[in-house]
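# Working through the structure, step by step
Here's the letter readout for the chains.
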Amino acid sequence: MTKILIVAGGKGERLRPITNTIAKPMVKVGNKPVLEHNLDLFKKYGFKKFIFALCYLPETISDYFGDGVQFGAEIDYTYEKPDIPLGTAGAITLAKDKINSTFIVTYGDSLRVVDVAKMLKSHKEKGAFATICTYKRFGENPKSLIKFDPEGKILEFKERPSVEEINDNFVWANAALYVFEPEIYHYIQEGAAVDFGKDVFPKLLKDKKAVFAFPIEGYFVDIGNKEKLDKANSDFEKGLIQI
């Protein structure tokens, strides 16, 4: 069965004082932590096996979820040292020995509405090495810009694009949800700070690996600051986040 690796080590500096006593993924939207909403999304599509990659205040997560049985899931854990940050990609290296087939990676401090089973199916049908979920990002200063052909094959992945590189009123941006083949670990140095956007994805494209986009029109928000958290809670109350 496909394993879901959720990186849940964020400190949430911009969410102080809420995150003084809990890890960022435990911040609540509506009636439950963001991380639990993520769990619910994957369970909805039949996924049951999870690995939570923890770092900051890990016990606030492990004490809440335990082994996952009461949530109808199986949850395993890895523990990153807070004083040796490994980055968005480096964080998954601690789970390397637990992965032996196609797997999914996401982050426990974001909310998205996406058919994950359909994304996995697309990945396999296209023979992809990596599949990146993308969403339409409107407004200024997008974190990323992803260009792909009509079949979804990614041609360019740009972190922090300049104004001159944006030719429309939106860009396709990284929704921080990935499907990978286990060989992705060949591109992530163990024990080092490695980032997917800055380090791994450019290398994959340079090596002409089969990297595809999975575009979604559904809801996506990264709970990065209080403004976004307030928006997520407002959207949840309006029924816009249907997980």
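Our structure's up above, just so we're on the same page.
Residues numbered from 1 in each chain as written. Predicted model: local features only at pLDDT ≥ 70, side-chain atom pairs only at ≥ 80, totals over all residues. Heavy atoms only, no water.

Moving on: the overall build of the protein chain. Within the protein chain one finds six helices and 13 strands. The C-alpha radius of gyration of the protein chain comes to 17 Å, within 12% of the 18 Å expected for a compact globule of 243 residues. By its C-alpha atoms, the protein chain is 45 × 40 × 35 Å across when sized along the principal axes. Residues classed as buried in the protein chain amount to 53% of the 243 residues present. In the protein chain, once contacts between residues fewer than 6 apart in sequence are set aside, the share between residues at least 24 apart is 73%. Accessible surface computed for the protein chain: about 11,700 Å², of which carbon and sulfur atoms make up 49%. Here the protein chain contributes 35 positively and 34 negatively charged side chains, and the mean placements of these two sets differ by 1 Å. (Helix = DSSP H or I, 4+ residues; strand = E, 2+ residues; numbered from the N terminus. Rg over C-alpha atoms; globule rule 2.2 N^0.38 Å. Buried < 20%, exposed > 50% of the residue type's maximum accessible area, 1.4 Å probe, protein only. Contact = heavy atoms within 4.5 Å. Areas by Shrake-Rupley, 256 points an atom, 1.4 Å probe, with all protein chains shown as cover. Lys, Arg positive; Asp, Glu negative; His and termini not counted. Charge placed at Lys NZ, Arg CZ, Asp CG, Glu CD.)

Mapped onto the elements, Thr2 comes out in the segment before β1 (3-8). Those residues in contact with Thr2 that lie beyond four places of it in its chain are Phe47, Lys49, Thr102, Phe103, Ile104 and Leu120.

Alignment of strand β9 (residues 144-148) against strand β10 (residues 154-159), held across five bridges, turns out to be antiparallel. Bridging across to β10, Lys147 finds its partner in Glu156. The loop that links β9 with its antiparallel partner β10 comprises five residues; one of these, Gly152, has a positive phi angle of about 95 degrees. (Pairing = 2+ DSSP bridges.)

Evaluated as defined, the whole model comprises 22 aromatic pairs. Between the aromatic rings of Phe42 and Phe50, the centroid separation amounts to 6.2 Å while the plane-to-plane angle is 75 degrees, which identifies the pairing as edge-to-face. Overall, Phe42 belongs to the buried group, its relative accessible area being 0%. Pairing Phe129 with Tyr187 gives two aromatic rings, centres 6.0 Å apart and planes at 75 degrees, and the pair type is edge-to-face. Of this pair, Phe129 sits in the loop between α4 (116-125) and β8 (130-138) while Tyr187 sits in the loop between β11 (170-180) and α5 (196-206), placing them 58 residues apart in sequence. Classification of Phe129 by relative accessible area gives buried; the value is 11%. Grouped by ring-pair contacts, the aromatic residues Phe42, Phe47, Phe50, Phe52, Tyr64, Phe65, Phe71, Tyr77 and Tyr79 constitute a single cluster. (Phe/Tyr/Trp six-rings, centres within 6.5 Å; stacked < 30°, edge-to-face > 60°.)

Take the sheet that holds strand β6 (residues 103-107) next. With mixed pairing, the seven strands of this open sheet are ordered in space as β5-β4-β1-β6-β11-β8-β12. Both edges of this open sheet fall to β5 (74-79) and β12 (211-216), since each of them pairs with a single strand only. The sheet shows a mean angle of 30 degrees between the axes of neighbouring strands, direction not considered. The pairing of β1 with strand β4 (residues 49-54) spans six bridges and is classified as parallel. (Axes fitted to C-alpha atoms, helices over the stretch in contact; angles between N-to-C directions.)

Now for unusual backbone geometry. The peptide bond linking Arg16 to Pro17 adopts the cis configuration, its omega dihedral lying at 5 degrees. Its place among the elements puts Pro17 in the loop between β1 and β2 (28-29). Even without a glycine there, the phi angle at Ala176 is positive, about 55 degrees. Mapping Ala176 onto the fold places it in strand β11.

A few words on helix α6 (residues 226-237). Its twelve residues give α6 an end-to-end C-alpha distance of 16 Å, which sits within 8% of 16 Å, the value for a rise of 1.5 Å per residue. Turning to α6, its buried residues number three or more, namely Leu229, Ala232 and Asp235. The buried residues of α6 occupy one face: seen down the axis, they fall within an arc of 125 degrees. Along α6, exposed side chains directed more than 90 degrees from the buried face belong to Glu227, Asp230 and Glu237. Packing partners of the buried residues in α6 comprise β2 and β13 (220-222). In this structure Asn225 caps α6, since a side-chain oxygen of it lies 3.2 Å from the backbone nitrogen of Glu227. Note on α6: the residue one or two positions beyond its end, Gly239, has a positive phi of about 85 degrees. (Expected span 1.5 Å × (residues − 1). Arc of directions from axis to C-beta. Polar contact = N/O pair within 3.5 Å; in protein donor to acceptor, adjacent residues only side chain to side chain.)

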